[in-house]
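# Analysis of the macromolecular model
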Amino acid sequence: MTFAWIVMSVAIAVPKPGQRLPYVEHCYVLGSTEPGVTNVVVQGLNVPVYRTGAWAAYVDVKEGDNTITASCDGADGHSVTSRTFRVAAKPKPRPKPDSAATASSSNSAERVYAKLDYAADEARPHPYDRNPGELTVVLDPGHGGPTDLGCVSPHGWCEKDANLLLAEAVREELSALGYNVVMTRSDDRAIALYERPKAIYANGADAFISLHHNAPAADRDAGKIRYAAVYSWNPIGEALAKAIASRMDETQKAELKSNGAMHANFAVTRNPEIPSCLIEADFITHPAGEEAAWDSDRRARLARAIARGFSDWHKGK
Ligand SMILES: [Zn+2]
């Protein structure tokens, strides 16, 4: 019997012993065992095991060292494993901001709207009258490289890899519709966040689509949270996000809840002149979302929906 462990922290799951978490009172522990084994017990409590063997437990933790113990019975007998990690001390409450601090933090709203220093001011005219072959789309597979893994699935699969697979599938579908496609990365490499939209200018592109897979906050039950969403920030991005979300919903209605088109002020969605959006295709932290992201047929269906949504946006549907 083998167990794989991942302890979720606030930000990124790091699947190694001795992990240090920020101060949390509970954390989400994910692991996997052999498919078919269902009697996993973590900290004395039975936990849900999915049919891939992935399991999920929500546990209380304390400041300092914690040891989480999991056991199960399989074909080769009783198996017990444990994982030790450290939780940081509770931070001291911050002093209340004085009025000067409040004034400067309200100015941060302006900073938030500030354009990228290499972007132009005016939104470009919508390309209704241009042929697909005259349009270039930048696809941006989120994360990448040795340290920016994105979120991690119950079996230790990294978001950066799921994003790249999805982007390659979308590239194929957009190319089949006649569009030119540029990728911010086509292998596993690190790219700084603010470098990513530069590909728009370097290639004279007309739209920017960032592809991601999602993870819940550390205090939420990763075994229960799963949905798709397409984020944008300004009206030109929103039109693109809505067109893509609508095709994704049509394709996935029966399999995945959708939050549709939403607003988010991400570095890659803020562009004032180029329609930009960020797709959170699924939650790979949910065992069913992980399984879906592995499924190449489902990935091709999703990629086709994204490309059709782009085409709908282009034609003003
Ligand atoms: Zn991501």
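Refer to the structure above for everything that follows.
Positions within a chain are numbered from 1, following the residues in the order the chain's sequence is written. Where local features are concerned, this predicted model is filtered to residues with pLDDT of at least 70; where side-chain atom pairs are given and counted, the filter is 80 or more; whole-chain, interface and lining totals use all residues. Computation of side-chain values: all heavy atoms of the structure, hydrogens and water removed.

### Section: the pairing of strand β10 (residues 180-183)
With 4 bridges connecting them, strand β9 (residues 136-141) and β10 associate as parallel partners. Bridge pairing in β10 links V138 to V182. The parallel pair β9 and β10 is bridged by helix α2 (residues 159-176), and the resulting crossover is right-handed. By the convention used here, strands pair only if DSSP detects at least 2 bridges between them. Strands are runs of DSSP state E lasting at least 2 residues, helices are runs of H or I lasting at least 4, and numbering of each runs from the N terminus. Crossovers are marked right-handed if the path from the first strand over the helix to the second runs clockwise, as seen with the strands pointing away from the viewer.

### Some remarks on the side chain of N271
Relative to the elements of secondary structure, N271 occurs in the loop between β13 (258-263) and β14 (276-283). Any pair of nitrogen or oxygen atoms within 3.5 Å is treated as a polar contact; in protein, a donor-acceptor pairing is required on top of that, and neighbouring residues in sequence qualify only through side-chain atoms on both sides. In terms of polar contacts, N271 uses its side chain to reach the side chain of Y201, at 3.1 Å. Of the polar contacts made by the side chain of N271, one reaches the backbone nitrogen of E273; its length is 3.1 Å.

### With respect to the coordination of the zinc ion
Here the term donor refers to an N, O or S atom within 2.8 Å of the metal (or 3.2 Å for Na, K and Ca), and because water is left out of the atoms, sites may appear incomplete. For the zinc ion, the protein coordination sphere consists of H143 (NE2), E159 (OE) and H212 (ND1), at 2.1 to 2.2 Å. Residue burial is assigned from relative accessible area. The probe radius is 1.4 Å, only protein chains are included, and a residue is buried under 20% of its type maximum, exposed over 50%, and partly exposed in between. Judged by its relative accessible area of 3%, E159 falls in the buried class.

### So, the packing of aromatic side chains
In this description, an aromatic ring pair is defined by two values, namely the gap between the centres and the angle between the planes. Ring pairs shown here join Phe, Tyr and Trp side chains whose ring centres sit within 6.5 Å, with only the six-membered ring taken for Trp; geometry is labelled stacked below 30 degrees between planes, edge-to-face above 60, and tilted in between. Enumeration over the complete set of coordinates arrives at 5 aromatic pairs. Here the aromatic rings of W157 and W294 are separated by 5.4 Å at their centres, their planes lie at 20°, and the arrangement is stacked. Placement of W157 in the loop between β9 and α2 and of W294 in helix α5 (residues 287-294) is noted, with a sequence separation of 137 residues between them. By the ring-pair criterion, three or more aromatic residues cluster together here, those being Y179, F310 and W313.

### A word on the nonpolar core
Here the nonpolar core consists of buried residues drawn from Ala, Val, Leu, Ile, Met, Phe, Trp, Tyr and Cys, with membership extended through side-chain atoms lying within 4.5 Å. I209, L211, I244, I279 and F310 are the most contacted members of the largest nonpolar core, which totals 32 residues. Broken down by secondary-structure element, the contributors of at least two residues to this core are β9, α2, β11 (207-214), β12 (228-232), α4 (235-252), β14 and α6 (296-315). Residue contacts are counted whenever heavy atoms from the two residues lie within 4.5 Å of one another. When neighbours within four sequence positions are excluded, I209 is seen to be in contact with V137, V138, L139, D140, L240, I244, C277, I279 and F310. Counting residues in each nonpolar core, the second largest holds 18 residues, with V42, I68, A70 and C72 among its members.

### Comments concerning the side chain of E290
Within the secondary structure layout, E290 lies in helix α5. Counted as positive: Lys and Arg. Counted as negative: Asp and Glu, with His and the chain ends omitted from the count. Just to be clear on terms, a salt bridge is a Lys or Arg side-chain nitrogen sitting within 4 Å of an Asp or Glu carboxyl oxygen. R226 provides the closest opposite charge to the buried, unpaired E290, separated from it by 11 Å. If near-sequence neighbours (up to four positions away) are discounted, E290 is found in contact with S153, P154, H155, W157, F283 and I284.

### Structural notes on empty space enclosed by the protein
One simple way to see leftover space: roll a probe sized like a water molecule over the atoms. A cavity here means a set of 1 Å grid points, computed over protein atoms only, where a 1.4 Å probe fits but cannot escape. A pocket is an open set with protein on both sides within 12 Å along at least 5 of 7 lines, and lining residues have an atom within 4 Å of a point. Grid points are joined across faces, edges and corners, and a volume is the space filled by probe spheres set on the points. The full count for this structure, using the stated rule, is 1 cavity of 30 Å³ or more. In this structure, the largest cavity spans a volume of roughly 40 Å³. Together, A162, L166, H213, A292, A293, R298, R299 and L302 line the largest cavity. Counting residues per element, the ones that place at least two in the lining of the largest cavity are α2, α5 and α6. Element by element, the count of residues in the lining of the largest cavity is highest for α6, at 3 residues. Note on residue classes: Ala, Val, Leu, Ile, Met, Phe, Trp, Tyr, Cys and Pro are nonpolar, Asp, Glu, Lys and Arg are charged, and everything else, Gly too, is polar. Residues of the lining of the largest cavity, tallied by class, amount to 5 nonpolar, 1 polar and 2 charged.

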